[in-house]
Amino acid sequence: MDLEWEVLPHPAYFPDLAPSDYHLFRSMQYALKDTHFHNYSEVENWVAEWIDSKDRQFFRRGIQLLPEKWQKVSSFGGKIF
């Protein structure tokens, strides 16, 4: 299946462009504030419940915003703004 996506150049590490840092983990970080786990099972359960609480649009939006972020960073020559 051809998705007609263009692969864009990416700096070695640029947190504002990493899909995980940009959307998913920032939202997860906010939800985890003041949360403490006592074992791995609690972590697994929390992650599963958190993912189930998000609709498809949450994940789709995170992906769809990446080109806009990339263009913004590119227009600033790769500098953090």
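Note that the structure is a prediction, hence the values are computed from the model and not measured. For every chain, the first residue of the written sequence is number 1, and numbering continues from 1 onward in sequence order. Per-residue local features of the predicted model are confined to residues with pLDDT of at least 70, and side-chain atom pairs are confined, for both listing and counting, to 80 or more; whole-chain, interface and lining totals are unaffected and use all residues. The basis for every side-chain value is the complete set of non-hydrogen atoms in the structure, without hydrogens or water.

(A) Spatial organisation of the overall build of the chain. Numbering of helices and strands runs from the N terminus; a helix is a DSSP stretch of H or I covering at least four residues, while a strand is a stretch of E covering at least two. Of regular secondary structure, the chain possesses four helices and zero strands. Moving toward the C terminus, one meets the helices and strands of the chain in the order α-α-α-α. At a minimum sequence separation of 6, the contacts of the chain that also span at least 24 residues come to 48%. Surface accessibility in these figures is a Shrake-Rupley result with a 1.4 Å probe; residues are shielded only by whichever protein chains are displayed. Approximately 6800 Å² of the chain is accessible, and the part contributed by carbon and sulfur atoms is 56%. Should any heavy atoms of two residues lie within 4.5 Å, those residues are counted as being in contact.

(B) Structural context of unusual backbone geometry. Despite not being glycine, Asp 34 shows a phi value in the positive range, around 65°. Residue placement: Asp 34 occurs in the loop between helix 1 (19–32) and helix 2 (40–53). Summary of the burial criterion: residues with accessible area below 20% of their type's maximum are buried, those above 50% are exposed, and those between are partly exposed, where the area comes from a 1.4 Å probe applied to protein chains only. Judged by its relative accessible area of 67%, Asp 34 is exposed.

(C) Region of the structure containing helix 4 (residues 66–75). Those residues of helix 4 lying buried are Leu 66, Lys 69 and Val 73. What you see down the axis of helix 4 is that its buried residues fit within an arc of 65°, all on one side. Of the exposed residues in helix 4, those oriented more than 90 degrees away from the buried face are Glu 68, Gln 71 and Ser 75. Taking the helix axis as origin, the arc is that swept by the directions to the C-beta atoms.

(D) Looking closely at the packing of aromatic side chains. Between 30 and 60 degrees the pair is tilted, below 30 it is stacked and above 60 it is edge-to-face, where a pair is any two Phe, Tyr or Trp rings, Trp via its six-membered ring, whose centres lie within 6.5 Å. The final tally for this structure, using the stated rule, is four aromatic pairs. Ring centres 6.2 Å apart and planes at 15° place the aromatic pair Trp 46 and Trp 50 in the stacked group. Taken as a pair, Trp 46 and Trp 50 lie in helix 2 at a separation of four residues, close to a single helical turn. Pair check on accessibility: Trp 46 and Trp 50 agree, each one buried. Ring geometry for Phe 58 versus Phe 59: centroids 5.0 Å apart, planes at 85°, classification edge-to-face. Three or more aromatic residues joined by ring pairs form one cluster here, namely Phe 37, Trp 46, Trp 50, Phe 58 and Phe 59. Only lysine NZ and arginine CZ atoms are considered, and such an atom sits over a ring when it is within 6 Å of the ring centre and within 35 degrees of the ring normal. A cation over a ring is seen here: Lys 54 above Phe 58, with NZ or CZ 5.0 Å from the ring centre.

(E) Representation of helix 2 in the model. Every helix has an expected span of 1.5 Å times one less than the residues it contains. The terminal C-alpha atoms of helix 2 lie 20 Å apart, and with 14 residues this matches the ideal 20 Å at 1.5 Å per residue to within 8%. Polar contacts here mean pairs of N or O atoms no more than 3.5 Å apart (in protein, one a potential hydrogen donor and the other a potential acceptor; neighbouring residues in sequence count only if both atoms are side-chain atoms). Regarding helix 2, its N-cap is Asn 39, as a side-chain oxygen of that residue lies 3.1 Å from the backbone nitrogen of Ser 41 further along.

This is a description of form; function is not addressed.
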